[in-house]
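# Tertiary structure, described
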Amino acid sequence: MRVLVVEDEKKTAAFIAKALQAEGFVVEISHNGNDGLLLATTNAFDALILDIMLPGRDGLSVLRQLREKK
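### What about the pairing of strand β2 (residues 26–30)?
The side chains of a regular strand alternate, first on one face of the sheet and then on the other. Where strand β1 (residues 2–6) lies against β2, five bridges are found, and the strand directions are parallel. Within β2, the position partnered with V5 by the bridge is I29. Taken together, β1, helix α1 (residues 10–22) and β2 constitute a β-α-β crossover, and its handedness is right-handed.

### Description of the sheet that holds β2
Read from one edge of the open sheet, three strands run β2-β1-β3, paired in parallel fashion. In the strand order of this sheet, the two ends are held by β2 and β3 (47–50), each with one partner. Taking each pair of neighbouring strands and ignoring which way they run, the sheet shows an average axis angle of 20°. The strands touched by α1 are β1, β2 and β3; relative to β2, the strand with the most contacts, the crossing angle is about 170°.

### Thoughts on the side chain of D51
Within the secondary structure layout, D51 lies in the loop between β3 and α3 (59–69). Although buried, D51 forms no salt bridge, and the nearest oppositely charged side chain, K10, lies 13 Å from it. A polar side-chain atom of D51 sits 3.4 Å from the main-chain amide nitrogen of M53. Discounting chain neighbours no more than four positions away, the residues touching D51 are V6, E7, D8 and G59.

### A short note on the side chain of S30
Structurally, S30 can be placed in strand β2. When sequence neighbours within four positions are dropped, the list of residues in contact with S30 reads L4, V5, V6, E7, D35, G36 and L39.

### A closer look at a nonpolar patch on the surface
Taken together, the side chains of I52, M53, L60 and L63 make up a nonpolar region of the molecular surface, amounting to roughly 410 Å² of accessible area. Here L60 shows up in helix α3.

### Some details on helix α2 (residues 33–42)
Residue pairs spaced three or four apart in an α-helix point in one direction, given the helix's 3.6 residues per turn. When we look at burial in α2, the residues that qualify are G33, G36, L37, L39 and A40. Buried residues of α2, viewed axially, fall in a sector of 165°; they line one side. Among the exposed residues of α2, those pointing more than 90 degrees away from its buried face are L38 and T42. In this structure, the buried side of α2 is in contact with β1, β2, β3 and α3. Near the N-terminus of α2, the side chain that reaches the backbone nitrogen of N34, with its oxygen 3.0 Å away, is that of N32.

What counts, and where the lines are drawn
- The numbering scheme is per chain: residues are counted from 1 as the chain's sequence reads.
- Local features in this predicted model are restricted to residues of pLDDT 70 or higher, and side-chain atom pairs are both shown and tallied only at a pLDDT of 80 or more, whereas totals for entire chains, interfaces and linings draw on every residue.
- Hydrogens and waters are ignored; side-chain quantities use all the structure's heavy atoms.
- Between any two strands, pairing holds if DSSP finds at least two bridges.
- Under the scheme used here, helices are H or I runs from DSSP no shorter than 4 residues and strands are E runs no shorter than 2 residues, and both carry numbers assigned from the N terminus.
- Crossover handedness is defined by viewing with both strands directed away from the observer: a clockwise path from the first strand over the helix to the second marks the crossover as right-handed.
- Working convention: axes come from line fits to C-alpha atoms, limited for helices to the stretch in contact. Angles between N-to-C directions cover 0 to 180 degrees.
- Every residue pair with non-hydrogen atoms within 4.5 Å of one another is taken to be in contact.
- Using a 1.4 Å probe on the protein chains alone, a residue whose accessible area is under 20% of its type maximum counts as buried, one over 50% counts as exposed, and one in between counts as partly exposed.
- Charge assignment: positive for Lys and Arg, negative for Asp and Glu; neither His nor the chain ends contribute.
- Whenever Lys or Arg places a side-chain nitrogen within 4 Å of a carboxyl oxygen from Asp or Glu, that contact is recorded as a salt bridge.
- Pairs of N or O atoms are called polar contacts if they sit within 3.5 Å, as long as, within protein, a hydrogen donor faces a hydrogen acceptor (for residues adjacent in sequence, only side-chain-to-side-chain pairs).
- Nonpolar side chains (Val, Leu, Ile, Met, Phe, Trp, Tyr) are joined into patches within 5 Å and like charges within 9 Å, using only residues with over 30% relative accessible area and no salt bridge.
- Shrake-Rupley sampling with a 1.4 Å probe provides the accessible areas, and residues are treated as covered by the protein chains on show and by no other component.
- In this description, one arc is meant: the one made by directions from the helix axis to the C-beta atoms.

This is the structure:
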């Protein structure tokens, strides 16, 4: 299962990724909303973990954009 973690705090993103990887997930990390949206629209992920307060584009905006593309 592939998971995209969009979190601007690098230590928090690494902590989440490490925990998910320990459970067998494949994890990709983005540190801002614009890059997170690009990754989510150009790659197949089974789940997204979005921070709400992100630089560039907030997590709710990323989610709205993804829902509109479906």
